[in-house]
Amino acid sequence: MTTGSYIGISTMRPCCRILSSCKSPLLSGFSPPKFNDSTIMGILSKSHHQNSTHRHRYYTCNTQIVGYIRVINLNRRDFSGSDSNWVHSRNFSTSFCVNIGSVRPRVVSLIPNVASDIRNHSTSVDSHVNDTSFEKIYIQNGLNAKPLVIERIETDQSKLEEASEERIETDQSKLEEVSEERCEGSNVNIDNVNDLSENKVERELSEIEKEAWKLLQDAVVTYCGNPVGTVAANDPADKQALNYDQVFIRDFVPSALAFLLNGDGDIVKNFLLHTLQLQSWEKTVDCYSPGQGLMPASFKVRAVSLDGSNEAFEEVLDPDFGESAIGRVAPVDSGLWWIILLRAYGKLTGDYSLQDRVDVQTGIRLILKLCLTDGFDMFPSLLVTDGSCMIDRRMGIHGHPLEIQALFYSALRCSREMLIVNDATKNLVAAVSNRLSALSFHMREYYWVDMKKINEIYRYKTEEYSTDAVNKFNIYPEQIPSWLVDWISEEGGYFIGNLQPAHMDFRFFTLGNLWTIVSSLGTTRQNKGILNLIEAKWDDIIGQMPLKICYPALEGEEWRIITGCDPKNTPWSYHNGGSWPTLLWQFTLACIKMGRPDMAQKAVDLAEKRLSVDRWPEYYDTPNGRFIGKQSRLMQTWTIAGFLTSKMLLQNPEKASLLFWEEDFELLQNCVCMLNKTGRRKCSRFAARSQILV
């Protein structure tokens, strides 16, 4: 293996600092610099600058320090040790103040002994997941310029120059191709929105769309002068912002898709990279630290006084991993949404270099490590607590909620596409494929209900002790709610909200069912059945404002026991049967996939009549969504972005096809259990294959 030395240079804004647990993880690659040996030795001879310090939870640099050099030992690990106290055994690099000639001082990172094939340093989910010795390229800039992805690091300076020139030419050609493609299929232009990108396309917009784009632009959050996300809500009249002034990973997804569909990729790239950096933050609640791969629920850009001065301030990113959330629940869905958005970025921009980067590959693996860790569970579905997803309050979804399983399946399929397969990752890729196969069978076989299945449950025998039991989860027929018998349509069906031993949650959860369609977690017949049910029960699920987050609402004694008398989740309000316009873009995507854009258009037209007049509420109340939610925030960003994304998806169905998955027949051929069909070693994989109906 050829080794050599590498010096990376990037500009640093003195006014900014990036939150990190006393270390700075890899955020971006850099263009190869042009230094000879004498220059390197001159830099190394500089003395250590005393004003660059590590304080509190921040990685900070004094505003008077214009640059520093960072010497890194590649034999060290950022995540030292495998226990939960890894943050106490950090490795620090050496910093130097540097000023090269008459050129404006810059940040310089010196990385000795870097392998020529940096991908070979990638880690697996198993024994080497903590080995991140390759994560040593440092950035202290707002990611304004497109970074160079370092795939080979040569010792010869001429080779470095050739690699740089080749990458520039490649990027330019890709930019031209994307630009031409957008011109051919263009359908959006925002004259009233400040440019986040030079690649704009033109079409005539309605007044409501122009208003929505203006509001979305006003919600953009900048860090060190660069856009990094959108706030949850931006109502000037709201005097108590609570955490609605933060950038949520979950909430930003529709905003990101709106920007991507309009040709603005920079804000999404910045968001992905900055949240990735926050992944390695020290996370502690009552002296306990969760897994390294946990993504924050949200983050906020704060202005912090510099060295106690009231005149000088600097910006910092302050993440929330659940330690400030109601109930202190970790955001399980944040990492899943991050992976889904990462894939969408590559699909819609054609820039796959981002997902190939070493730091991004590591981030994916850390998230997967959390999700695929062995436990006591007997099922392939993901076990979570109540409030760990969009429904972030107590609503009786603890266990194996449909929303988490659908997002988990989607994230696994994304990871399977994006992971670079090599000796270090082949076991992880195999584990992902096996989990996908098992999860698809489990969900299709046990979560799906229609008239036929409900009638089977109605006739279930209980207390079966046998490997051949029909009622595997010991479900009591008396659990079938009275409303379901008359509500379920003859031609439709849906995936139930939750399944555990002796418990089936028969509520219809919209987001989970829509993502089973988008990700092909359900079969073709099942996916059609979901839309048939929504169409048949339009007044219940769509009503006067799309779409119900769940149906029906918990009422009476059931509401008191399950929600704990939650005053915000009263019947037909908020997460307890409220109507959420942000679900519109996911409904649109599912309808386009199944060849039913007419249903999506009908829902979009319905929402368009009210959203602007009602000032873009967060949610609506009452059984048919007639009233604005009693505690609903106005100017809710993901309501605005969901509407815009839906409009653009309907106008560009070819772009929508990049965001959903078709059936993967290879998964159905993979029998994870490798058992025969007799006795205790019975395998029912054939049942999954037999469910594929065209």
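Please read these numbers as outputs of a predicted model, since none were measured by experiment. (Residues numbered from 1 in each chain as written. Predicted model: local features only at pLDDT ≥ 70, side-chain atom pairs only at ≥ 80, totals over all residues. Heavy atoms only, no water.)

**A few points about the pairing of strand E14 (residues 493-500)**
Sheet faces and side chains relate simply in a regular strand, where the side chains alternate between the two faces.
(1) Moving on: Taking burial as the measure, the eight residues of E14 include eight buried ones, the bulk of the element.
(2) Moving on: The antiparallel pairing of E14 with strand E15 (residues 503-509) creates a hairpin that spans two residues between the two strands, and Ala-502 there sits at a positive phi of about 60°. (Buried < 20%, exposed > 50% of the residue type's maximum accessible area, 1.4 Å probe, protein only. Helix = DSSP H or I, 4+ residues; strand = E, 2+ residues; numbered from the N terminus. Pairing = 2+ DSSP bridges.)

**Concerning the sheet that holds strand E16 (residues 550-551)**
(1) Moving on: The strand order across the open sheet built from four strands is E13-E14-E15-E16, with neighbouring strands paired in antiparallel fashion. Taken across any chain shown, the strands that pair with only one partner, and hence form the sheet edges, are strand E13 (448-450) and E16.
(2) Moving on: As defined by bridge partners, E15 adjoins E16 across two bridges and the pair is classed as antiparallel. The partner of Phe-509 across the bridge, within E16, is Cys-550.
(3) Moving on: Packing of helix H14 (residues 524-536) onto the sheet brings it into contact with E13, E14 and E15, and relative to E14 it is tilted by some 105°. (Contact = heavy atoms within 4.5 Å. Axes fitted to C-alpha atoms, helices over the stretch in contact; angles between N-to-C directions.)

**What to know about the environment of Arg-413**
(1) Moving on: Considering the arrangement of structural elements, one finds Arg-413 in helix H9 (residues 402-418).
(2) Moving on: The exposure class of Arg-413 is buried, given its relative accessible area of 9%.
(3) Moving on: Along the chain, Arg-413 and Ile-340 lie 73 residues apart, while their C-alpha atoms are 9.0 Å from each other.
(4) Moving on: Excluding its chain neighbours within four sequence positions, the residues that come into contact with Arg-413 are Leu-436, Ser-519, Ser-520, Trp-661, Glu-662 and Asp-664.
(5) Moving on: One polar contact links the side chain of Arg-413 to the main-chain carbonyl oxygen of Ser-519, over a distance of 3.1 Å. (Polar contact = N/O pair within 3.5 Å; in protein donor to acceptor, adjacent residues only side chain to side chain.)

**Quick look at the packing of H14 against helix H17 (residues 584-593)**
(1) Moving on: The N-to-C vectors of H14 and H17 enclose an angle of 125°; their axes lie 11 Å apart at closest approach. Overall, the two elements H14 and H17 adopt an arrangement that is oblique. Between H14 and H17 lies a crossing of left-handed hand. Facing H14, whose interface residues are Asn-527, Leu-531 and Ile-534, H17 presents Phe-587, Ala-590, Cys-591 and Lys-593.
(2) Moving on: Considered class by class, the residues forming the contact of H14 with H17 number five nonpolar, one polar and one charged. (Parallel < 35°, antiparallel > 145°, perpendicular 65-115°, else oblique. Left-handed = near helix turned anticlockwise from the far one by under 90°. Nonpolar A, V, L, I, M, F, W, Y, C, P; charged D, E, K, R; others polar.)

**What to know about the sheet that holds strand E12 (residues 313-320)**
(1) Moving on: Pairing is antiparallel in the open sheet, where three strands are placed in the order E10-E11-E12. Taken across any chain shown, the strands that pair with only one partner, and hence form the sheet edges, are strand E10 (247-248) and E12.
(2) Moving on: Alignment of strand E11 (residues 298-305) against E12, held across eight bridges, turns out to be antiparallel. Looking at E12, one finds that Ser-298 is bridged to Asp-320.

**So, the environment of Pro-571**
(1) Moving on: In this structure, Pro-571 sits in the loop between helix H16 (556-563) and H17.
(2) Moving on: A C-alpha to C-alpha distance of 8.9 Å links Pro-571 and Pro-552, two positions 19 residues apart in sequence.
(3) Moving on: If sequence neighbours within four positions are ignored, Pro-571 has contacts with Ala-553, Leu-554, Glu-555, Trp-559 and Asn-576.

**Regarding the pairing of E15**
(1) Moving on: Among the seven residues in E15, six count as buried, and that is most of the element.
(2) Moving on: As paired elements, E14 and E15 share four bridges and run antiparallel to each other. Bridge assignment links Ile-496 to a residue of E15, and that residue is Phe-508.

**A word on the pattern of salt bridges**
(1) Moving on: The final tally for this structure, using the stated rule, is 22 salt bridges.
(2) Moving on: A salt bridge links Asp-235 to Arg-615, with the nearest nitrogen and oxygen atoms 3.4 Å apart. Here Asp-235, found in the loop between strand E9 (226-230) and E10, pairs with Arg-615, found in the loop between helix H18 (597-608) and strand E17 (620-621); they are 380 residues apart in sequence, far enough to count as distant.
(3) Moving on: Note that Glu-456 is salt-bridged to Lys-453, the shortest N-O span being 4.0 Å. Here the residue Glu-456 and the residue Lys-453 both occupy positions in helix H11 (residues 451-458), the gap between them amounting to three residues, near one helical turn.
(4) Moving on: Look at Lys-453 and you get buried, because its relative accessible area is 16%. (Salt bridge = Lys/Arg side-chain N within 4 Å of Asp/Glu carboxyl O.)

**Things to note about the environment of Leu-667**
(1) Moving on: If you trace the backbone, Leu-667 turns up in helix H21 (residues 665-669).
(2) Moving on: Considering only alpha carbons, one finds Leu-667 and Arg-435, 232 residues apart in sequence, at a separation of 9.5 Å.

**Description of the nonpolar core**
(1) Moving on: The biggest cluster of nonpolar side chains holds 158 residues, and the ones touching the most others in it are Trp-338, Tyr-494, Trp-515, Ile-534 and Phe-587.
(2) Moving on: Not counting the four nearest positions on each side in its chain, Trp-338 is found in contact with Ile-249, Leu-272, Thr-275, Leu-276, Met-295, Val-360, Ile-364 and Ile-367. (Core = buried A, V, L, I, M, F, W, Y, C linked by side-chain atoms within 4.5 Å.)

**Examining the packing of aromatic side chains**
(1) Moving on: Within the structure shown, the criterion is met by 21 aromatic pairs.
(2) Moving on: Measuring from centroid to centroid gives 5.2 Å for Tyr-446 and Phe-473, while their planes differ by 75°, and the two rings are edge-to-face. Taken together, the residues span a long stretch of sequence, with Tyr-446 in helix H10 (residues 426-446) and Phe-473 in the loop between H11 and helix H12 (482-487) at a distance of 27 residues.
(3) Moving on: Exposure remark for Tyr-446: the relative accessible area of 17% places this residue in the buried category.
(4) Moving on: Taking relative accessible area as the criterion, Phe-473 reaches 10% and is therefore assigned buried.
(5) Moving on: Relative to Phe-495, the ring of Trp-448 lies with its centre 5.2 Å away and its plane at 70°, an arrangement referred to as edge-to-face. Of the two residues, Trp-448 is situated in strand E13 and Phe-495 in strand E14; the sequence distance between them amounts to 47 residues. Here the two residues Trp-448 and Phe-495 agree in accessibility, since each one is buried.
(6) Moving on: Here the aromatic residues Trp-483, Trp-487, Tyr-494, Phe-508, Tyr-551 and Trp-572 are joined through ring pairs into a cluster of three or more.
(7) Moving on: The ring of Tyr-574 carries the charged tip of Lys-568 above its face, separated from the ring centre by 4.3 Å.
(8) Moving on: The cationic tip of Arg-633 hangs over the ring face of Tyr-244; the distance from NZ or CZ to the ring centre is 4.4 Å. (Phe/Tyr/Trp six-rings, centres within 6.5 Å; stacked < 30°, edge-to-face > 60°. Lys NZ or Arg CZ within 6 Å of the ring centre and 35° of its normal.)

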